[in-house]
There are 2 protein chains.
Amino acid sequence: MNLSRRTFVGVVLAAGARGAVGRADTDDRIEWHTIKPHDLRGRGWAETSPEFGRLPGWAQGRVTSGVWNNGRCAAGQYLDFTTDSPELRVTWALGSGELGMWHMTEAGKSGLDLYARDQMGRLRWYAVAGPGGQQTRDRVLARPPTGLNHFRLYMPLYNELTELSIGTRSNARWEVARHDDAKRRPIVFYGSSIMQGCSASRPGMAFAAILGRRLGVETINLGFSGSAKMEPVLADLLGEIEASAYAIDAMPNMNPNQVRERAVPFVERLRAKRGETPILLVEGRAFTNAWAEPGRSRYAAERRAALQDAYDALVKSGIGGLHYLTSDRLLGDDSEAAIDGSHPTDLGMMRYADAYEPVLRKMLG
Amino acid sequence: MNLSRRTFVGVVLAAGARGAVGRADTDDRIEWHTIKPHDLRGRGWAETSPEFGRLPGWAQGRVTSGVWNNGRCAAGQYLDFTTDSPELRVTWALGSGELGMWHMTEAGKSGLDLYARDQMGRLRWYAVAGPGGQQTRDRVLARPPTGLNHFRLYMPLYNELTELSIGTRSNARWEVARHDDAKRRPIVFYGSSIMQGCSASRPGMAFAAILGRRLGVETINLGFSGSAKMEPVLADLLGEIEASAYAIDAMPNMNPNQVRERAVPFVERLRAKRGETPILLVEGRAFTNAWAEPGRSRYAAERRAALQDAYDALVKSGIGGLHYLTSDRLLGDDSEAAIDGSHPTDLGMMRYADAYEPVLRKMLG
């Protein structure tokens, strides 16, 4: 690498050490802030099981084991905080020592991703921390310059988080910001591995996270890897969250028959709990090698038709506030936006966000 | 994952097994084609050390150890082949068992990436194979439908390749295409880790590979991770290759003084060997968190100014065929296109290709 992150950290550490000469010792002491689940945003429930997971304990045994196990991952949760500390350190622990996947970086599966607000108030990428193992202790995350005070730290996408602490200089201001965008209720995203964030290079690049930054709205990521299949209990779960909008993007895990059987009752059940909240139905993306696989294209077309039929039937039955997003723009048309035909790279995640953004803006009004 | 690659392979294998019922046994036998270095394209020298590396043996001890060690990686090499086999298998072995990096997938560092020509003759992504270990044996890579006959397979970006075999059905046509785009001499790309392909998600997404597909020209990737510093011997090495264009993109590894000292003699030395071949000088990209790090921005600005001065001095001295690419579009302006501030994700690689493409088209005439 030309200038690896570790090298960079080393350089900046050295500069920090020089800058510290002459300061009182107390200035350099690190104070550790233990992060509790209720400090995080992007959560549908105050109490979850496990504590940094995404589902309430009562759901165990009522959702499928696939949904439950994927619900243990920390995907989509983030910490908004304010500090004037000239140094940020992190300690975190993970449920699994399998840090990466063949099609996903360790940074994305198990790392932490830091954004900061620029002078215009816009959240921009600032630093990343790949895991050093199942436990990563006292890692320097960043040395923010004066004036950089507002941060958002995204949690690992495909691992359980069991412990998180942020280290600041002991004389620095420290505040967890729990209600930054709370003028609006969150957007709830329900979907597949793509929704959960596979294969974003780092947690902030899952498309729901990109959309949260763009729209300035809290986002709740209920992506359940291969297990999003519109079971009725999931409609009940989604309906428990007071949302400003729901995005239902479960098609990649469902076969055409399941869509035909489940889509209408799923939306009716959610609508019954949330009388007016806009609901978006999203077609599954085409595989990026569908151009060469006519059989897969036919299957996908059948599935899309089933969702279109469900949408039409729901509208005809008088259910309002429904929106629809077609598959054509989700991954673009150049076959390059996924790592394995299915899972978007950061290129694909950006295209997903581009496709979602206008319809979500319309839904939020 | 909603539909993992392994699941997909399983599904297709099952379909293939059903389809094979009633066929003669001979149809299903696999013939293995051992790939030799001279079968590959994207090589500057017929003989390299190691045999799937990127530098000639005489360079050892004359280039820095960093250049030499990175030159062992297979980056940028690819196999163009033609077959009507309804099944493609791969066996490959790697120099290192470190399959991924915290900021790079195993597929990108150590995997194989397959493109195929569509009916318009355009190379489009088709399949990928992540490594199963230092050795991956008899992996089904794809089950191409009838009519899909022309393929390009990219080699691992950040690992040494020590063995490669392609398996086809024993009655299938098989031909290595060594001169597909040979109407034009190759473009030689010299640069840093970014050039070598860090952190592309898969080998075909290194930006030089993207450009080779877009321009229909053979590309030779001489990216040497952190070790591209415009040493005179590198100008000699580049000058040995009969190229249609040279792209010099070593800035991320150099400090401003090195640029001031080396850029002019480097180009003069290359120009002396290659009297008319167009040469492109590329400014280093800004770090994607440069917005928050004024110190790094000043350093980068000083380095850019040094390259601009070198370009001006070279033009003034009468050296023709020089081109220049500024840094501003390489990673875009939204801070999202790198994993760690420096290394482009696929989003960044696509932006690099977008920035390079028009100037390379102009250079090729």
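Now for a look at the structure at hand. Owing to the predicted nature of the structure, the values given are computational and were not obtained by experimental measurement.

Focus: the packing of helix α6 (residues 207-215) of chain A against helix α10 (residues 346-364) of chain A
When two helices pack together, their arrangement is captured by the angle between the axes and the distance separating the axes. Residue and element names in this part refer to chain A. Here α6 crosses α10 at 50°, and the two axes come no closer than 9 Å. Considering the angle they form, α6 stands oblique to α10. Between α6 and α10 the crossing geometry is right-handed. For the pair formed by α6 and α10, the contact residues are Phe207, Ile210, Leu211, Arg214 and Leu215 on the first element and Met349, Met350, Tyr352, Ala353, Asp354, Tyr356, Glu357, Leu360, Arg361 and Leu364 on the second. Residues of the contact of α6 with α10, tallied by class, amount to 11 nonpolar, no polar and 4 charged.

Details of the interface of chain B and chain A
Tallying the contact residues gives 61 residues for chain B and 61 residues for chain A. Carbon and sulfur atoms make up 58% of the area that chain B and chain A hide from each other, which totals about 4800 Å². Between Arg213(A) and Glu336(B) there is a salt bridge; the shortest N-O distance is 2.6 Å. The interface formed by chain B and chain A holds 22 residue pairs in polar contact (both at pLDDT 80 or more) in total. Sorting the residues of the side of chain B that touches chain A by element identifies α1 (5-20), α4 (106-110), β4 (112-117), β5 (123-129), α5 (193-196) and α10 (346-364) of chain B as the ones contributing at least two each. Residue classes in the side of chain B that touches chain A are distributed as 25 nonpolar, 17 polar and 19 charged.

Re the pattern of salt bridges
Using the criterion set out here, one finds 42 salt bridges over all chains in the structure. The partner of Arg202(B) in a salt bridge is Glu336(A), with the nearest N and O atoms 3.3 Å apart. Here Arg202(B) is found in the loop between α5 and α6 (207-215), whereas its partner Glu336(A) is found in the loop between β14 (322-325) and α10 on a different chain. By relative accessible area, which is 7% here, Glu336(A) ends up buried. One network of salt bridges, with partners in common, ties together Glu87(A), Arg89(A), Asp138(A), Arg143(A) and Arg169(A).

Some remarks on the nonpolar core
Residues Tyr356(A) and Tyr356(B) are the most contacted members of the largest nonpolar core, which totals 98 residues. For Tyr356(A), the contacting residues outside a window of four places in its chain are Phe189(A), Met195(A), Phe207(A), Leu211(A), Ala247(A), Asp249(A), Leu280(A), Val282(A), Leu325(A) and Leu330(A).

With respect to unusual backbone geometry
The omega torsion across Ser49(A) and Pro50(A) is -5°, close enough to zero to call that bond cis. Position of Pro50(A) relative to the elements: it lies in the loop between β1 (30-34) and α3 (65-71). Cis geometry marks the peptide bond from Cys198(B) to Ser199(B); its omega dihedral reads 10°. Within the chain, Met230(A) stands out as a residue other than glycine whose phi angle is a positive 55°. Topologically, Met230(A) is positioned in the loop between β11 (219-223) and α7 (232-239). Positive phi is not limited to glycine here, since Ser225(B) has a value of about 35°. With respect to the element layout, Ser225(B) can be found in the loop between β11 (219-223) and α7 (232-239). For Ser225(B), a relative accessible area of 3% puts it in the buried group.

Examining the sheet that holds strand β7 (residues 150-154) of chain B
All names here are of chain B. Read from one edge of the open sheet, 5 strands run β5-β4-β7-β2-β9, paired in antiparallel fashion. Across the chains shown, the open sheet's two edge strands, defined by having one partner strand only, are β5 and β9 (174-176). Between one strand and the next, the sheet's axes are offset by a mean angle of 25°, whatever the strand orientation. Sheet topology places strand β2 (residues 78-83) next to β9; 3 bridges connect them, and they run antiparallel. When the sheet's bridge partners are listed, Phe81 is paired in β9 with Val176.

Analysis parameters
- Residues numbered from 1 in each chain as written.
- Chains lettered and ligands numbered in written order.
- Predicted model: local features only at pLDDT ≥ 70, side-chain atom pairs only at ≥ 80, totals over all residues.
- Heavy atoms only, no water.
- Axes fitted to C-alpha atoms, helices over the stretch in contact; angles between N-to-C directions.
- Helix = DSSP H or I, 4+ residues; strand = E, 2+ residues; numbered from the N terminus.
- Parallel < 35°, antiparallel > 145°, perpendicular 65-115°, else oblique.
- Left-handed = near helix turned anticlockwise from the far one by under 90°.
- Contact = heavy atoms within 4.5 Å.
- Nonpolar A, V, L, I, M, F, W, Y, C, P; charged D, E, K, R; others polar.
- Buried area = accessible area lost by both parts, 1.4 Å probe.
- Salt bridge = Lys/Arg side-chain N within 4 Å of Asp/Glu carboxyl O.
- Polar contact = N/O pair within 3.5 Å; in protein donor to acceptor, adjacent residues only side chain to side chain.
- Buried < 20%, exposed > 50% of the residue type's maximum accessible area, 1.4 Å probe, protein only.
- Core = buried A, V, L, I, M, F, W, Y, C linked by side-chain atoms within 4.5 Å.
- Pairing = 2+ DSSP bridges.

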